[in-house]
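The lines below spell out each chain.
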Amino acid sequence: MNVRKGFRDIVALDNVSLEVKDREYISIIGPSGCGKSTLLKCLAGIMKQDSGRILIGDREVTDLPPEQRHLGYMFQEIALFPQMSAWENVGYGPRVRGEDRKHARQFVSQIIEMARLNIGRGTYPDELSGGARQKTALARAIAAEPQLMLLDEPLGALDANVRLVLRYELRRLVKELGLTAIHVTHDQEEAMSISDRLVIMKAGRIVEVGTPLELYLSPKQLFTANFLGEANFIPGTVEESNSGHIVVSVNGWKLSVPRSGFARGERVVIAVRPEMVFLASAEHEGNIEWTGVVTEHVLLGDCVRTEIELENGARMVSQMPNRGTPPVKNVGERVRIDFAPEGLIPYQFPAQGLDVELALE
Amino acid sequence: MTSLTSITLVDVTKTFARVRAIDRISLEIRDGEYVCVLGPTGSGKTTLLRLIAGLTSPTSGDIKLDGKSVTYVRPEDRNAAYVPQQYALFPHMTVRENVAFGPLARGFTSEESLQKADEILRIVRLAHRAGSSPHELSGGMQQRVALARGLAAGASLLLLDEPLGAIDARLRVMLRYEIRRLAKEVAVTVIHVTHDQQEAMSIADRIAVLREGTLAQFGPPSEIYTSPESPFLANFVGGANFLEGTVVEKKPETTLVEVAEGFRIAGPASAHLVGDAVVASFRRERTSILTSANLEENVVPGKLVSTSLLGVFLRCSVDLGRAGTIVAKVPLREAIEQGLPDLVGEAVCVSTNRDAVIIFTRPKRPLAVELEAL
């Protein structure tokens with residue numbers, strides 16, 4: 001299946017081209033107002049783009065109404081038919097298609113079983129928990145046997161812990177049924193954890209496309225480094241440029257970065273994820289003589305998060321996996337920080353300034 | 001922002017149409033404390049907040065602010081600012097006027113009120129948008145205005161109902177630290193209701209976990225994470241692996257739990273006796289994956305079923321056959337060194353540390369129901 005689309009001259013979507021492979025699970029993420037929902041609505045045919053074409057498989061659907069696009073569409077606000085039981089809701093698609101009653105019944109019970117929906121035939125939507133209602137809506141969308149599933153914040157209305165469980169169920173179902181899915185979410189972790197590829201959007205444009213590991217470990221764009229997971233940003237100037245590594249001067253402090261492609265004198269900003277920032281006591285001999293004072297030290301559960309104010313005034317966040325014996329640091333304690341070299345990712349310093357480039361609102 | 005406020009709840013119950021939304025809750029919140037009330041939908045969080053705000057009265061029990069009973073005191077006389085989930089900013093007023101509204105209503109002159117508003121807007125980093133209309137602001141900014149309005153009213157107690165609920169995940173992480181910083185800066189007592197355990201863990205001085213209207217546990221985040229009092233708490237705050245079994249042997253420093261025939265988990269010394277029905281639980285981040293190992297204590301063979309990226313961690317799901325499936329959260333750097341993303345479908349071993357295991361008495365209801373965030 002190929003989904004290509006392009007738009008011109010509209011603010012919401014600015015010349016977007018994207019190809020989704022058959023049976024791929026794709027997530028589109030970006031800050032509020034980046035155009036991700038608009039893109040999905042254009043795909044669904046609920047909204048008409050100003051220009052550009054959309055193909056599903058080899059079929060052009062650009063001018064087709066929603067019902068002729070063979071899509072499943074699931075929103076954040078679930079619209080189950082309240083007067084029908086949950087089972088009747090799931091069976092709606094097959095019934096409307098005029099399928100044989102016995103076959104439809106069998107098919108529906110199969111879908112309900114796959115969705116692990118443990119509910120009786122006589123249960124109505126208002127008797128279900130939020131999570132079960134959402135699963136019913138998903139089962140209904142799937143039972144219509146769509147070529148392509150469009151999921152617009154499908155877990156948005158649920159409690160954090162319920163979301164955590166359901167997102168894996170969502171992927172499992174889509175994969176078991178061999179569907180192609182495009183999932184829009186504002187939740188980066190949700191997107192990373194269940195997608196084959198991610199599409200990062202900002203201000204109506206696609207910033208970057210790649211697998212979760214590619215985008216998390218080596219984001220090509222500065223915006224991605226900030227949006228997908230947390231990062232510290234260290235502005236500096238390239239002092240030495242060799243093959244394989246550069247030396248960046250940061251307020252007189254030096255940082256050796258194992259990447260090339262930057263010229264001497266170039267202004268750069270180095271992104272480094274909190275889990276790539278290590279702490280040692282100030283006496284410890286590290287590779288890098290960066291020292292500062294602990295301003296905050298919190299156990300987050302799976303991680304220990306420490307904020308450090310460096311002598312040059314910069315703030316740095318370190319986040320280490322909790323191994324049962326968290327390295328206890330006290331607020332006010334002097335520490336030296338060290339970086340995992342592979343975690344230092346340099347970027348050209350953005351022309352419009354760092355704050356504007358990274359802005360989320 | 002004068003003195004801080006302490007809060008005491010004594011045996012508070014609130015019943016709606018025979019349903020106990022709040023069931024005999026007693027707790028004490030110290031002045032200047034930042035407390036998160038955490039619980040699933042329907043656990044009574046919002047009701048608890050509204051009781052403290054005075055927007056609803058308890059069916060029985062007493063509520064005290066600074067040691068004085070306020071159970072029958074009107075909301076406006078409680079020196080508390082309540083910021084509901086659906087905060088409504090006045091659309092026809094500027095940001096500055098919205099924030100100045102509280103002081104004005106309290107009898108300050110308009111000049112004083114605007115001055116106060118400016119001061120608070122500086123603290124919430126919105127001074128540059130003082131002249132804007134609310135609808136010109138992003139969701140995150142509107143949330144900060146609502147917060148500023150609560151603060152400007154001069155209350156010493158701030159009651160926040162899901163203050164970050166409507167905000168995008170990435171921004172939410174940044175704003176939660178902002179809210180805490182703010183609260184500490186202006187020195188108010190805060191009760192912050194949320195269903196997001198990560199949010200509560202990262203900013204609360206203490207967390208009150210509610211379940212079905214009762215107080216399940218109340219303590220500092222580290223205590224709730226390290227010593228959860230029930231499987232529900234271990235699951236709801238932080239998440240964990242759970243294996244049901246029976247205590248089969250006790251040694252001075254070890255309790256052995258059989259979770260499937262021939263499959264034992266070693267935990268630390270516990271008060272449980274041989275024959276007791278228990279649940280052995282261990283955190284996913286204390287579970288590691290070994291690609292080659294000898295089968296020693298707490299090293300169990302299985303099959304790597306799937307991996308998925310969480311960011312700092314790679315989530316690895318391992319099928320242990322009869323004992324079920326468990327999840328290991330492996331630091332991403334190590335997972336890459338081990339080559340785990342390419343080992344899906346292969347045989348691996350999982351291991352956990354004896355000291356990471358918590359042994360709970362097996363709950364009366366089925367484990368799946370006990371763990372469910374109702």
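Just so it is clear, the structure is predicted and the values come from calculations on it, not from any experiment.

Draft legend 1. A look at the overall build of chain A. Per the secondary structure count, chain A includes 10 helices and 18 strands. Dimensions of chain A, computed from the C-alpha atoms along their principal axes, are close to 75 × 50 × 30 Å. The 361 residues of chain A split such that 42% are buried. Residue pairs at least 24 apart in sequence account for 64% of intrachain contacts in chain A once pairs closer than 6 positions are excluded.

Draft legend 2. Quick peek at the overall build of chain B. Counting its secondary structure elements, chain B contains 10 helices and 20 strands. On the principal axes, the C-alpha backbone points of chain B span a range of 75 × 45 × 35 Å. Within the span of chain B, comprising 374 residues, buried residues form 46% of the whole.

Draft legend 3. Representation of the sheet that holds strand β4 (residues 60–65) of chain B within the structure. Residue and element names in this part refer to chain B. In spatial order, the strands read β2-β1-β4-β5; together these four strands make up an open sheet with antiparallel pairing. The open sheet has two edge strands with one neighbour each: β2 (19–29) and β5 (68–69). Of the strand pairs in this sheet, strand β1 (residues 7–16) and β4 are connected by five bridges, and their pairing is antiparallel. Across the sheet, Ile7 pairs through a bridge with Leu65, a residue of β4.

Draft legend 4. Looking closely at the domain arrangement of chain A. Residue and element names in this part refer to chain A. Per the domain assignment, the segments of chain A are domain 1 (25–225) and domain 2 (230–358). The straight-line distance from the C-alpha centre of domain 1 to that of domain 2 is 39 Å. The residue makeup of the side of domain 1 that touches domain 2, split by class, is three nonpolar, one polar and no charged.

Draft legend 5. Region of interest: the interface of chain A and chain B. On the chain B side, the residues contacting the 33 residues of chain A number 38 residues. Among the elements of the structure, α6 (160–176), α7 (188–194), α8 (212–217), β14 (290–299) and β16 (315–321) of chain A are those that each provide at least two residues to the side of chain A that touches chain B. The biggest single contributor to the side of chain A that touches chain B is α7(A), with five residues. Residue composition of the side of chain A that touches chain B, by class: 16 nonpolar, 11 polar and six charged.

Draft legend 6. The arrangement of the domain arrangement of chain B in detail. All names here are of chain B. When cut into domains, chain B gives domain 1 (7–231) and domain 2 (232–371). Relative placement of domain 1 and domain 2: their C-alpha centres are 38 Å apart. Put simply, the parts of the chain that give the side of domain 1 that touches domain 2 at least two residues each are β9 (206–211), β10 (214–219) and α7 (221–226). Grouping the amino acids of the side of domain 1 that touches domain 2 by side-chain chemistry returns six nonpolar, three polar and two charged.

Draft legend 7. Highlighting the environment of B:Thr325. Residue and element names in this part refer to chain B. Along the polypeptide, Thr325 turns up in strand β18 (residues 325–331). Owing to 14 C-beta atoms within 10 Å, Thr325 belongs among the partly exposed residues under this scheme. It is 9.7 Å that separates the C-alpha atoms of Thr325 and Leu304, two residues lying 21 residues apart in sequence. Not counting residues within four places of it along the chain, the set of residues in contact with Thr325 comprises Val305, Ser317, Val318, Asp319 and Leu320.

Draft legend 8. Quick look at the pairing of strand β13 (residues 263–268) of chain B. Residue and element names in this part refer to chain B. Of the strand pairs in this sheet, strand β12 (residues 254–260) and β13 are connected by six bridges, and their pairing is antiparallel. In the sheet register, Val257 faces β13, and the bridge partner there is Ile265. Taking the residues between adjacent antiparallel strands as the criterion, β12 and β13 are bridged by two residues, where Gly262 takes a positive phi near 75°.

Draft legend 9. Highlighting the sheet that holds β13(B). Residues and elements named next belong to chain B. What the five strands build is an open sheet, ordered β13-β12-β11-β14-β20; its pairing is antiparallel. In this open sheet, the two strands that pair with only one neighbour each are β13 and β20 (357–361). Here the strands of the sheet are splayed against their neighbours by 45° on average, with no regard to which way each runs. Direction of pairing for strand β14 (residues 277–282) relative to β20: antiparallel, over a ladder of five bridges. From the neighbouring strand, Phe282 faces β20, where its bridge partner is Val357.

Draft legend 10. Representation of helix α1 (residues 45–53) of chain B in the model. All names here are of chain B. Counting buried residues along α1, nine of its nine residues qualify, which places the element largely inside the surrounding structure. Three or more residues of α1 are buried, namely Lys45, Thr46, Thr47, Leu48, Leu49, Arg50, Leu51, Ile52 and Ala53. Gly54 sits one or two positions beyond α1 and adopts a positive phi of about 90°.

Draft legend 11. Local environment of helix α3 (residues 110–123) of chain B. Residues and elements named next belong to chain B. In a regular helix each residue adds 1.5 Å, so 14 residues correspond to 20 Å; α3 covers 20 Å between its end C-alpha atoms and thus fits that length. For α3, the set of buried residues is Ser113, Lys116, Ala117, Ile120 and Leu121. Along α3, the residues classed as buried sweep out an arc of 135° about the axis, all on the same side. Check the buried side of α3 and you find it contacts α2 (95–105) and α4 (139–152). Backbone geometry just downstream of α3 places Arg125 in the positive-phi region, at approximately 60°.

Draft legend 12. Region of the structure containing the packing of helix α4 (residues 101–114) of chain A against helix α5 (residues 130–143) of chain A. All names here are of chain A. Relative orientation of the contacting elements α4 and α5 amounts to 135°, with a least axis distance of 10 Å. By the angle class used here, α4 and α5 are oblique. Taken as a pair, α4 and α5 cross one another with a handedness that is right-handed. Across the interface between the two elements, Phe107, Val108, Ile111 and Ile112 of α4 pack against Ala139, Ile142 and Ala143 of α5. Considered class by class, the residues forming the contact of α4 with α5 number seven nonpolar, no polar and no charged.

Conventions and cut-offs
- Residues numbered from 1 in each chain as written.
- Chains lettered and ligands numbered in written order.
- Predicted model: local features only at pLDDT ≥ 70, side-chain atom pairs only at ≥ 80, totals over all residues.
- Helix = DSSP H or I, 4+ residues; strand = E, 2+ residues; numbered from the N terminus.
- Buried ≥ 20, exposed ≤ 12 C-beta atoms within 10 Å, placed from the backbone.
- Contact = placed C-beta atoms within 7 Å.
- Pairing = 2+ DSSP bridges.
- Domains from an automatic or database assignment.
- Nonpolar A, V, L, I, M, F, W, Y, C, P; charged D, E, K, R; others polar.
- Axes fitted to C-alpha atoms, helices over the stretch in contact; angles between N-to-C directions.
- Expected span 1.5 Å × (residues − 1).
- Arc of directions from axis to C-beta.
- Parallel < 35°, antiparallel > 145°, perpendicular 65-115°, else oblique.
- Left-handed = near helix turned anticlockwise from the far one by under 90°.

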